[in-house]
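Chains, contacts and geometry: an overview
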Amino acid sequence: MAAEAKKVPVYCYQCVAGPDLLTVKVEDGVATEVEPNFKAADVHPGAGKVCVKAFGLVQKSYNPNRMKTPMKRTNPQKGREHDPGFVPISWDEALDIVADKLKEVQGKGLIDESGFPRVAASFGGGGTSTYYMGTFPAFMSAWGPVDLSFGSGQGVKCVHSEHLYGELWHRGFTVCSDTPNTKYILSFGMNVESSGGVAGVYRHANARVEQHAKRVQIEPHLSVTGGCSAEWVPIKPKTDAAFMYALINVMLHEAERNRLDVEFLRDHTASPYLVGPNGYYMRDPQSRKPLLWDTKRNQAVTFDTEDIVPALEGTFSVDGIEVGPDEEIWTHSGAEAETGFTKMLVHMTNYTPEWAAGVCDVPAETVRRIANEFLDHACVGETIEIDGETMPFRPVSVALGKTVNNGWGGYECCWARTMLAVLVGALEVPGGTLGTTVRLVRPATSRQASVSQGPDGFMVYPMNPTGKDDWQEQPRIRNAYNTLVPLSASSPWSPALGPTHLAWLFQREQPEHFPKTTRPDVWFVYRTNPAISQWDAPTVAETMADFPFTVCFAYTHDETNHMADVLLPECTDLEATQLIRIGGTKFQEQFWDYTGFALRQPAAKPPSDTKEFTDISTELCERLGLTEKYNAALNRGAGGVPLSGENYDFSLDPKVPHSSEEIWDASCKAASAEVSDGKEVHDLAWWKENGFMVKPYSRKHWYLFPTMRERGVRFELPYQEQLTRVGRELGNRLHEKGINWWDTQLEEYNPLPPWKDFPGIWEKATVNAGGSLEEMPFWLITAHSMQYSWGNNVGIQLINEVAKNVKGQNGVVINTGKARELGIADGDMVEVTSTLRSTEGKAILRQGIRPDTLLIIGQFEHWATPHAKDLKIPSMNTVTPMNMELTDATGSSADLVRVGLRRVGA
Amino acid sequence: MTRYVMIADLRRCVGCQTCTAACRHANATPPGVQWRQVLDIESGEFPDVNRTFVPVGCQHCADPPCMHVCPSTATGQREDGLVTIDYDICIGCGYCAVACPYQARHIVHRAEFAYGKATQNENQRFDEKRISVATKCTFCKDRIDLAEETGQTPGVDPEVTPACVNSCIASALHFGDRDDPDSNVSVMLRETEHFRMHEELGTDPGFYYVVDDKK
């Protein structure tokens, strides 16, 4: 070590699969080396290791391409072709310019003439940026309404359908296998060895080697995860739902019924609920409670009747009412009512393996074998005790990757995956398919606490209302999530779960009978780059060039901040202070045996004139007269931890501004008090030395089933009565307003989703856009890269260098045999063309991809970001259309497009 | 006696290159010089294809071809099995790089930095002795030497364990003393099916690849 060397503990949360805990070696005041925080080895689910991305952080700090001071634009003309003419300014001048513009907004009113917030903000990375923006959330809270509409890839780059349906059915905003207990995983394009973070990689390695678990990877190309799996099934893109439907068909129509978990289906799901002739549940006319057929009394009873044994299957003659959309009531006497299970049985009859073989291009015997393997490993009837609680043990699960999970077909895949679990009782039990976090239902801090029984016996879900009196005709923000997507609910996360691309789309095409689309007066951007990361990125870049005033927190020059009016270079990852919650259960495979907090702190002095995000927020509030509201927000917990609790109070004086040091010192004290129930109080200095603090977290809390069982709440599957009603009501509301442009989306609301020709939707869109399927015979897809993650580190040389060791990262992956047919050799330059435009890159020939499929992993066609712009990596975002036709009912689409391919050079 | 060896469990490795990056950090190698890296190897033909990730680097052979061809005696061998290079003696002729069947040696003839000019962190770690000499994985020998002083065990205690092993997020890489029958690596080798790369060349490599449990 150098004369003066130390190791500074910090966290890395560059992707949702973290945070990872690490130390940074600092020699003579210079950060030089990243290591895992070995002190966390016994606490962290991945033995305290840190993923490859964190090793880019040292270069990130000392990158000579960084913004060295605040800048302002001198060229009023905006656009890719215009030099912004950025000139350096002082921090005071920069913050004055921003504050003056915000004061103008305060003067005009925070909401514009169309009812939209005048201030908008876009943040990247599935909430990760929050843990780098210090107290900016408190600034936004103090400010008031902010439009978080303008997406940077949400809807196609996340697992959008799973976020919504997962949360509805089992509080699974993100869903994963109970990997530490699994024996068999069906993974439909879930690239967990890339996207699952340290915990995912570590646990799946254990599953393979120590648990001897089998994982079958079903996807069009052989991903990293495919390479690490026992079997690869090269399925045709966007046909995953058909494969899963056939698995269900085998389980329902070929397997003995007792191979399913009949007790689980009968007592813990909606399977025995009786469905009336109009497709809605039969209900008791007085209480309106849904009815089941009790085999003990041989009569229909309400679902909450004591001492019953409901019939799982069958058709029964029942008196009662059905309640349809908008309070439409059908009264029945002696009506034929089938159980939800029987409805499903009939619904799935024709989805045989032989049928799926034709759709998926996978042999029927493969589908049938996998269905039986799933049953063989399900251990139906077995139990396991965890921390004193006896639960079913069902070590089988189904994982869905993005694109499978997004856009048309996403609903069907989510439904089928969850049903596969439900059929063998493997939902929210040890070994099975688990939700990992809640983001739409409150409280967000506990999945268990979010479980409460609704009037129909299922978990309460806060749908955006669709009734005549309570439908929110006026969108709160420009992506209209509350108006168009009932499932997106109404939490702080909901704006990001709406159709975020609509905010961009409506800027160019005003929808009929909808509030006039306006531009935001002020747009804040942080850790996101929609000018290259959104679908149809070049159009998005043009659109943002029309925004009148854009403030970018800027690391280097990039494609989005090219359009900015002011650039604010904040202290980055290793240069600022912040707390993050760790442990419990969080995204991806983040199931811990501990819970607590970790600290990020300045490891070394920033090399340029940067400022802590917390200080930027505090100073902006001072200029705007918002200090008191800002401090109040901090005291409530907007900095990540409430500053007072039952046994402690470290609240800040609301009247005066506080330094970053003071704010985080109070936060550290509150965090340690929260973790220790008020017994221990540690200040910032202690946290800087120790890095993190945790307490034990019972594995019982990994599973929702015990809470459901205890509270008598059933999983709302298989039959989707509520969703159907909500969808019909939404249709009524929109039609009353004369809105017909959401009609195709409304068709997605089905009680039992039928297979639709999902690839055909993209094919039709190609033809509708003037393309020819003969000239565009390939499916272009993408895959996750652990090294690049969402791409904000593409300009980091080390990351780019090591990423190149993983094949396929920096070009267009083509099936070797197909490429030879076309006269394309490895390394040739090829052009990939959609109906929109073309992207070019080097051909990478691989056997592990279907002949009808192309793969572009990097989505980084940078033209402004230093270093990255010289890499010449092709991007799907250049060629993927963004339109209503490819938008599903949840407001998402998929990274999928039909393309042509030609060699353009050696 | 002590014979330090490394083990890569190919069932666990996911090719993430965290070890590659950790090695670049720990040993301050210049851009493109990866003493540790992971190969991404495809075999078979569509649709019967396998993809395997194989960590490579200096195998610290017991009979190292690189040492035999070294005209300056810069390449040496320690009693604990580590193959070493004395930068003061090495003349950068490159014979060793040609002789090594594992392509584990690197020679750079001018200082290179991530963004052209040296950054603060690169200045801090720059070592002129590494220009125009052969370099390669050292098994992080300074850490192993530290173990002599502290009494810690390489492969068990992180402070005295190679950076790549410390960093491995899949627990695929292991390090230890093969001559100690109770060491982590000895136990692992007893319990698994494994091979060494190019064993037929008789180099007696100190790097094992695990493919399965012992049958």
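Residues numbered from 1 in each chain as written. Chains lettered and ligands numbered in written order. Predicted model: local features only at pLDDT ≥ 70, side-chain atom pairs only at ≥ 80, totals over all residues.

Section: the overall build of chain A
Along the backbone of chain A there are 28 helices and 34 strands. A burial count over chain A gives 64% of its 906 residues as buried. For chain A, the share of sequence-separated contacts (at least 6 apart) that also reach a separation of at least 24 residues comes to 72%. (Helix = DSSP H or I, 4+ residues; strand = E, 2+ residues; numbered from the N terminus. Buried ≥ 20, exposed ≤ 12 C-beta atoms within 10 Å, placed from the backbone. Contact = placed C-beta atoms within 7 Å.)

Quick look at the overall build of chain B
Per the secondary structure count, chain B includes seven helices and 10 strands. At 17 Å, chain B has a C-alpha radius of gyration in line with the 17 Å of a compact globule built from 215 residues. For the C-alpha atoms alone, the extent of chain B along its principal axes is close to 50 × 45 × 35 Å. Residues counted as buried form 45% of the 215 residues belonging to chain B. (Rg over C-alpha atoms; globule rule 2.2 N^0.38 Å.)

Notes on the environment of Lys25 of chain A
Residue and element names in this part refer to chain A. Checked against the element boundaries, Lys25 lands in strand β2 (residues 20-27). For Lys25, a count of 20 C-beta atoms within 10 Å puts it in the buried group. The sequence separation of Lys25 and Lys6 amounts to 19 residues, and the corresponding C-alpha distance is 5.7 Å. Aside from chain neighbours lying at most four places away, what touches Lys25 is Ala5, Lys7, Thr32, Glu33 and Glu35.

Details of the interface of chain A and chain B
Each side of the interface is counted separately: chain A has 51 residues, and chain B has 43 residues. Within the residue set of the side of chain A that touches chain B, elements represented by two or more residues are β3 (30-36), α1 (57-62), α6 (197-209), α7 (224-227) and α27 (797-803) of chain A. Examining the composition of the side of chain A that touches chain B, we find that seven residues originate from one element, β3 of chain A, more than from any other. Per-class residue counts for the side of chain A that touches chain B are 27 nonpolar, 14 polar and 10 charged. (Nonpolar A, V, L, I, M, F, W, Y, C, P; charged D, E, K, R; others polar.)

As for the pairing of strand β34 (residues 897-905) of chain A
Regular strands place their side chains on alternate faces of the sheet. Residue and element names in this part refer to chain A. Both strand β29 (residues 778-781) and β34 contribute to a ladder of three bridges, which runs antiparallel. In the strand pairing of β34, Phe778 is matched with Val899. Where strand β31 (residues 829-833) lies against β34, five bridges are found, and the strand directions are antiparallel. Residue pairing for β34: Met829 is matched across the bridge by Gly905. (Pairing = 2+ DSSP bridges.)

Looking at the sheet that holds strand β6 (residues 119-123) of chain A
Residue and element names in this part refer to chain A. The strand order β5-β4-β23-β22-β21-β6 describes an open sheet built from six strands, whose pairing is mixed. Single-partner strands in this sheet number two, and they are β5 (87-88) and β6. Pairing analysis gives four bridges linking strand β21 (residues 522-526) to strand β22 (residues 550-553), with the strands arranged parallel. Opposite Val525, over in β22, you have Cys552 as the bridge partner. In the packing of helix α2 (residues 91-108) onto the sheet, contacts are made with β4 (71-72), β6, β21, β22 and β23 (566-568), and the angle to β23 comes to roughly 120°. (Axes fitted to C-alpha atoms, helices over the stretch in contact; angles between N-to-C directions.)

Quick notes on the packing of helix α8 (residues 240-253) of chain A against helix α11 (residues 353-360) of chain A
The description of two packed helices rests on the angle between their axes and on the distance between the axes. Residues and elements named next belong to chain A. Look at α8 against α11: their axes get within 9 Å of each other, and the N-to-C directions meet at 170°. Relative to α11, the element α8 lies roughly antiparallel. Touching Ala242, Phe243, Tyr245, Ala246 and Val250 of α8 are Pro353, Trp355, Ala356, Val359 and Cys360, all from α11. (Parallel < 35°, antiparallel > 145°, perpendicular 65-115°, else oblique.)

Comments concerning the domain arrangement of chain A
All names here are of chain A. Under the domain assignment used here, chain A contains domain 1 (72-157 + 462-568), domain 2 (160-437 + 706-719) and domain 3 (757-905). Taken over C-alpha atoms, the centre of domain 1 sits 27 Å from the centre of domain 3. Between domain 1 and domain 3, the residue contacts involve 28 residues of the former and 26 residues of the latter. Counting residues per element, the ones that place at least two in the side of domain 1 that touches domain 3 are α14 (481-484), α16 (500-508), α17 (530-533) and α18 (537-544). The greatest single-element share of the side of domain 1 that touches domain 3, amounting to four residues, is contributed by α16. (Domains from an automatic or database assignment.)

Things to note about the nonpolar core
Taken as a class, soluble globular proteins show a tendency for nonpolar side chains to be buried jointly. Residues and elements named next belong to chain A. Judged by nonpolar contacts, the single largest core of 346 residues is most densely connected at Phe243, Tyr245, Leu247, Ile248, Leu274, Leu780 and Leu854. The leading source of residues in this core is α8, at 11 residues. Excluding its chain neighbours within four sequence positions, the residues that come into contact with Leu854 are Phe778, Leu780, Val812, Val813, Ile814, Val832, Val899 and Leu901. (Core = buried A, V, L, I, M, F, W, Y, C linked by C-beta atoms within 7 Å.)

Section: the confidence of the model for chain B
Averaged over all residues, the pLDDT of chain B is 97; the fraction at 70 or higher stands at 100%. If you check the scores for this complex, the pTM reads 0.97 and the ipTM reads 0.98. (pLDDT = per-residue confidence, 0-100.)

Overview of helix α26 (residues 758-768) of chain A
Residues and elements named next belong to chain A. Of all the residues in α26, the buried ones are Phe758, Ile761, Trp762, Ala765 and Thr766. The buried residues of α26 all sit within an arc of 140° when viewed along its axis, so they share a single face. Looking at the buried positions of α26, the neighbouring elements they touch are α8 and β34. Just beyond α26, the residue with positive phi is Gly770, at close to 90°. (Arc of directions from axis to C-beta.)

Focus: the packing of helix α3 (residues 136-143) of chain A against helix α20 (residues 627-636) of chain A
Residues and elements named next belong to chain A. Two numbers describe how α3 lies on α20: the axes approach to 8 Å, and their chain directions differ by 125°. On the basis of their axis angle, the class for α3 and α20 is oblique. Taken as a pair, α3 and α20 cross one another with a handedness that is right-handed. Within the contact between the two elements, α3 uses Ala138, Phe139, Ser141 and Ala142 and α20 uses Lys629, Tyr630, Ala633 and Leu634. Taken together, the residues of the contact of α3 with α20 sort by class into six nonpolar, one polar and one charged. (Left-handed = near helix turned anticlockwise from the far one by under 90°.)

Structural notes on unusual backbone geometry
Pro19 of chain A follows Gly18 of chain A through a cis peptide bond whose omega is 5°. Looking at where Pro19 of chain A falls in the secondary structure, it is placed in the loop between β1 (5-12) and β2. Here the amide bond leading from Phe46 of chain B into Pro47 of chain B is cis, since omega sits at 5°, within 30 degrees of zero. As for its position among the elements, Pro47 of chain B is in the loop between β2 (37-45) and β3 (48-56). A positive phi is found at Asp307 of chain A, a non-glycine position, where the angle reads about 55°. Under the C-beta neighbour-count criterion, Asp307 of chain A is labelled exposed, with 8 such atoms within 10 Å. Here Thr73 of chain B, not a glycine, exhibits a phi torsion of approximately 60°, which is positive. Its location among the elements puts Thr73 of chain B in the loop between α2 (65-69) and β4 (75-77).

Section: the sheet that holds strand β30 (residues 811-815) of chain A
Pairing is mixed around the closed barrel formed by six strands, whose spatial order is β29-β33-β30-β32-β31-β34 (chain A). Between one strand axis and the next, the sheet turns through 45° on average, direction left out of account.

A word on the pairing of strand β14 (residues 299-302) of chain A
Residue and element names in this part refer to chain A. The pairing of strand β13 (residues 291-294) with β14 spans four bridges and is antiparallel. Looking across to β14, one finds that Leu292 is bridged to Val301. Hairpin geometry of β13 and β14 is characterised by an intervening segment of four residues between the two adjacent antiparallel strands and by a positive phi of about 60° at Asn298.

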